[in-house]
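Observations on the three-dimensional arrangement
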Amino acid sequence: MTQAPLLQVENLAIGFRSSAGDRVVVKGASFEIAPGETLALVGESGSGKSITALSVMQLLQYPPAFHPTGSVLFKGEEMIGAPDEKLRSIRGGEIAMIFQEPMTSLNPLHTIERQVSESLILHRGMNREAARARTLELLEKVGLRDAESRLGAYPHQLSGGQRQRVMIATALANEPSLLIADEPTTALDVTIQAQILALLKDLQAEMGMALLLITHDLGVVRKMSQRLCVMKDGEIVETGDTETVFAAPAHPYTKTLIDSEPRGRKEPAEEEAPVVLEASDVKVWFPIKAGVFRHTVGHVKAVDGISVSVREGETLGVVGESGSGKTTLGMALLRLQPSTGAIRFLDQDIADLKRNAMRPLRREIQIVFQDPFSSLSPRMSVGQIVEEGLMIHGLGEGSAERVQIVESVLEEVGLDPEARHRYPHEFSGGQRQRISIARALVLKPRLIVLDEPTSALDMTVQAQIVELLRGLQRAHGLAYVFISHDLKVVRALADDVLVMRNGQVMEFGPCDRVFDHPETDYTRALMTAAFDLEVAGTDAVSQ
Amino acid sequence: MADDRLFGRTLTPMTQRRLANFRANKRGYWSLWIFLGLFVLSLFAELIANDKPLVVQYDGAFYFPVVQSYPETTFGGVLRTEPDYADPAVKQLISAKGWALYPLIPYGLRTVDFWSREALPSAPSARHWLGTDDQGRDVLARLIYGFRISVLFGLALTLVSSVVGITAGALQGYFGGLFDLIFQRVIEIWQGIPRLYVLIIFASFVEPNFWWLLIILLFFHWMSLVSVVRAEFLRARNLDYARAALALGASDASIMYKHLLPNAMVAALTFLPFVLNSAITALTSLDFLGFGLPPGSASLGEVLAQGKSNLQAPWLGISGFLVLAVMLSLLIFIGEAVRDAFDPRKSMG
């Protein structure tokens, strides 16, 4: 490297003091960024990548945080222990940061103009008019449509992608030489993610700033960065050029991480396997009420006339961006959400069954939710959670036999049978998801609706859960309705794919056909955004 | 760990953390012990303040007048009724052939000290530590009994109103929609009724006793927990674990009881000391106004009323006020410690 590094982090350790003793969470991290370069910090949750980035700007709470060793040199000057005034002038001036969640990082009570112009007025001493002109310029630069009319808007009036653009405009206001982006696209839909990444790349090239990108998404790393650092348990285990590392990872953890990208294809289900669930023309319309008498003036068509069918041993993938109605469809198929249209389960019409008549069938149709933290009762032990279904349906003679069933199911999903005595909060996200699967599986269902079961999990854990689901399907001939926004996982698991948008089917067909030869512009844009992280057919997607 | 069991039940780590948080609030922790100490002592008020001796040894035999009634003839008197042990003549009869052990405060709840020579209400003295009221009854004895009935009444009212309130809140929160809407309006109207006047009207056409007062006060008291529990149920019924239970085929009652109630109980529990406080205050104010417990019963409100009508005897008002202030403060301190214990920011860490 010929240029002097812009940022040089040397043997940085970060610890937290508490009454229970000091805990060091980052141990001896070293990396450097040259001007104009993009360095990616990759790692799973808990690896210490975010607090490493925060400590570059000295944004942690000191105390309890402290640095046992190390130095952070920005343009040759030490940041650790620098006086507050100096840090304040660097933060937002020389170094800017954008965060993951655009809703909570914008102040809900300030207009867009105020959010962006705040740092202009603070750091540059601009007056209101000059700041306004510059704000407008910035908003246009980050590609916010109708920027002028948006100046008076509040954050809740913008979409997630637009909010992230505003965040970027705020960060760029003082033309920083280093931009720290902490999971900038994780909370966004794939098509929006592609737009934001393209924007960041353009702006970087135009303004010549360096980018420290913190992410868990290897696709984003590969797309954006020249070099990367892989973090695990507070240590940087591998550093190198992005291309080299992807081609020949040196550290075993990096290998695992790269291998955990969902791969493989599902073996097709048998042609003559019986149809487990068949639904036609399912509609879920939520009335919009207005006026003094609350009469219905229109409907939000969350699910608008969708027909599906799943055979034994088959997986139907339902994909779509947030708000497309895919979860609502899942709930309607489970009869947990009132809907119209015919739903047949094993040749029995269940669309109009009363709740009591539905109860015996509940055994056969189960669900696994996205968030492994809210889907388990916090005050019940794992054993009680898994056993509940058995009790409701009167399965198993006596408690000894039920315990036996519970233990064997826990074993089947890869948990220690002794886990039944413990409580959900003692488990990691992946283990909790296994508990959820055990709760569904214990009833020996025919069909499981999986609502984004892997979205809240780390990459390596996600790969394990995908493997588990595949194995269970093979062993029990289960039918899956797999709802996800993650097209890579769907591709690895599904036989058929249903692409949804605004409650309607955009495309339906066998997995390979839809992924390799999408027929509609929207599906094509979705595929390009998901697999190549490129923006294609801007007309087909929203901002 | 030595600390992971309580009353023989294994504690979850979360409960252990909560107990530790409760103990960490020193003021609340000691308040709990002081309050429990006072309450347990007052449960044995008959042994502390009573006009009957605890033990009498007479003519070689032992008698326990506190638990059993004996005619005066037993001790060589002439009457076939129970003797007035405060009567110097009776004392003399007993000391002639044995001895008597009197309680610490030799006056009961209704004992009128006929043998005092001072004007009523009499000031604090060695004979009556906190003086007497205008009917010659010992103030300290009445305060001890008054404390007991206040706490017992408060506990009973809190228990019953919590059961009613939690049930109402749970149903409202769980079923939501129109049911919730109508019920919320009913509660709002109900809360708008000037409760003291209604209580006074009620109290005027029934002969108020402990149970009647409990029912009358319950009419207005049950609403205190409704909103908390309702909010908890509204939130939790849409969480995935409640929906998962629905998908398992669980009935409404079992979802409410098994999955939602334990979470709502945490919120409710934090409020309980404050509910208890307001229950005690409600009874005291009715007693003060003379619409409370029947005449002659021990009650703090009645002591305060006496203090008001006998301003020349400040020991009445001051001692009544002190007992109330100490009791209510202890409960508030306990409530603060309970709130700390259940604070998610402290117990999740």
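Summarised in this report is the structure supplied together with it. (Residues numbered from 1 in each chain as written. Chains lettered and ligands numbered in written order. Predicted model: local features only at pLDDT ≥ 70, side-chain atom pairs only at ≥ 80, totals over all residues. Heavy atoms only, no water.)

Some thoughts on the overall build of chain A
In terms of helices and strands, chain A carries 19 helices and 21 strands. The C-alpha radius of gyration of chain A comes to 26 Å, within 12% of the 24 Å expected for a compact globule of 543 residues. Across its three principal axes, chain A shows a C-alpha extent of roughly 70 × 55 × 50 Å. For chain A, the residues scored as buried account for 53% of the 543 residues in total. Taking contacts inside chain A between residues at least 6 apart in sequence as the whole, the part at least 24 apart equals 69%. (Helix = DSSP H or I, 4+ residues; strand = E, 2+ residues; numbered from the N terminus. Rg over C-alpha atoms; globule rule 2.2 N^0.38 Å. Buried < 20%, exposed > 50% of the residue type's maximum accessible area, 1.4 Å probe, protein only. Contact = heavy atoms within 4.5 Å.)

With respect to the sheet that holds strand β16 (residues 348-349) of chain A
Residues and elements named next belong to chain A. If you trace the 4 strands from one edge of the open sheet to the other, you get β13-β12-β15-β16, paired in antiparallel fashion. The open sheet terminates on both sides in strands that have one partner only, identified here as β13 (295-311) and β16. Sheet topology places strand β12 (residues 275-290) next to β13; 13 bridges connect them, and they run antiparallel. Bridging from a neighbouring strand, Val 284 pairs with Val 303 of β13. Against the sheet, helix α11 (residues 326-333) contacts β12, β13 and β15 (340-345), and its axis sits at roughly 120° relative to β12. (Pairing = 2+ DSSP bridges. Axes fitted to C-alpha atoms, helices over the stretch in contact; angles between N-to-C directions.)

Let's talk about the packing of helix α15 (residues 429-441) of chain A against helix α16 (residues 459-476) of chain A
All names here are of chain A. Orientation of α15 relative to α16, taken along the N-to-C sense of each, is 15°, at an axis distance of 10 Å. On the basis of their axis angle, the class for α15 and α16 is roughly parallel. At the point where α15 passes α16, the crossing takes the right-handed sense. From α15, Gly 430, Gln 433, Arg 434, Ile 437 and Leu 441 reach across to α16, where they touch Val 461, Gln 464, Ile 465, Leu 468, Leu 469 and Leu 472. When grouped by side-chain class, the residues that make up the contact of α15 with α16 number 7 nonpolar, 3 polar and 1 charged. (Parallel < 35°, antiparallel > 145°, perpendicular 65-115°, else oblique. Left-handed = near helix turned anticlockwise from the far one by under 90°. Nonpolar A, V, L, I, M, F, W, Y, C, P; charged D, E, K, R; others polar.)

Regarding the nonpolar core
Nonpolar side chains in soluble globular proteins generally cluster together in the buried interior. All names here are of chain A. Ranked by size, the top nonpolar core spans 52 residues in total, and within it Val 386, Ile 437, Ile 448 and Val 497 carry the most contacts. In contact with Ile 448, other than residues within four places in its own chain, are Gln 366, Ile 367, Val 368, Ala 440, Leu 441, Leu 478, Ala 479, Tyr 480 and Val 481. Ala 147, Leu 158, Leu 199 and Met 209 belong to the second-largest nonpolar core, a separate cluster that totals 38 residues. (Core = buried A, V, L, I, M, F, W, Y, C linked by side-chain atoms within 4.5 Å.)

What about helix α19 (residues 521-532) of chain A?
Residue and element names in this part refer to chain A. Between its terminal C-alpha atoms α19 stretches 16 Å, which fits the 16 Å expected from 12 residues at 1.5 Å a residue. Every buried residue belonging to α19 is among Tyr 522, Thr 523, Ala 525, Leu 526, Met 527, Thr 528, Ala 529 and Ala 530, and all of these are buried. Backbone geometry just downstream of α19 places Leu 533 in the positive-phi region, at approximately 50°. (Expected span 1.5 Å × (residues − 1).)

So, helix α5 (residues 139-175) of chain B
All names here are of chain B. Between its first and last C-alpha atoms α5 spans 52 Å; for 37 residues at 1.5 Å apiece the expected length is 54 Å, and the two agree. Of all 37 residues in α5, 27 are buried, a share of seventy percent or more. For α5, the capping residue at the N-terminal end is Asp 138, with a side-chain oxygen 3.3 Å from the backbone nitrogen of Leu 140. (Polar contact = N/O pair within 3.5 Å; in protein donor to acceptor, adjacent residues only side chain to side chain.)

Here's the deal with the packing of helix α2 (residues 26-43) of chain B against α5(B)
All names here are of chain B. Where α2 contacts α5, the two axes come as close as 9 Å, and the packing angle between them is 110°. Comparing their axes, α5 and α2 come out roughly perpendicular. Taken as a pair, α2 and α5 cross one another with a handedness that is left-handed. Between α2 and α5, the residues in contact are Phe 35, Leu 38, Phe 39, Ser 42 and Leu 43 and Ile 144, Phe 147, Arg 148, Val 151, Leu 152 and Leu 155, respectively.

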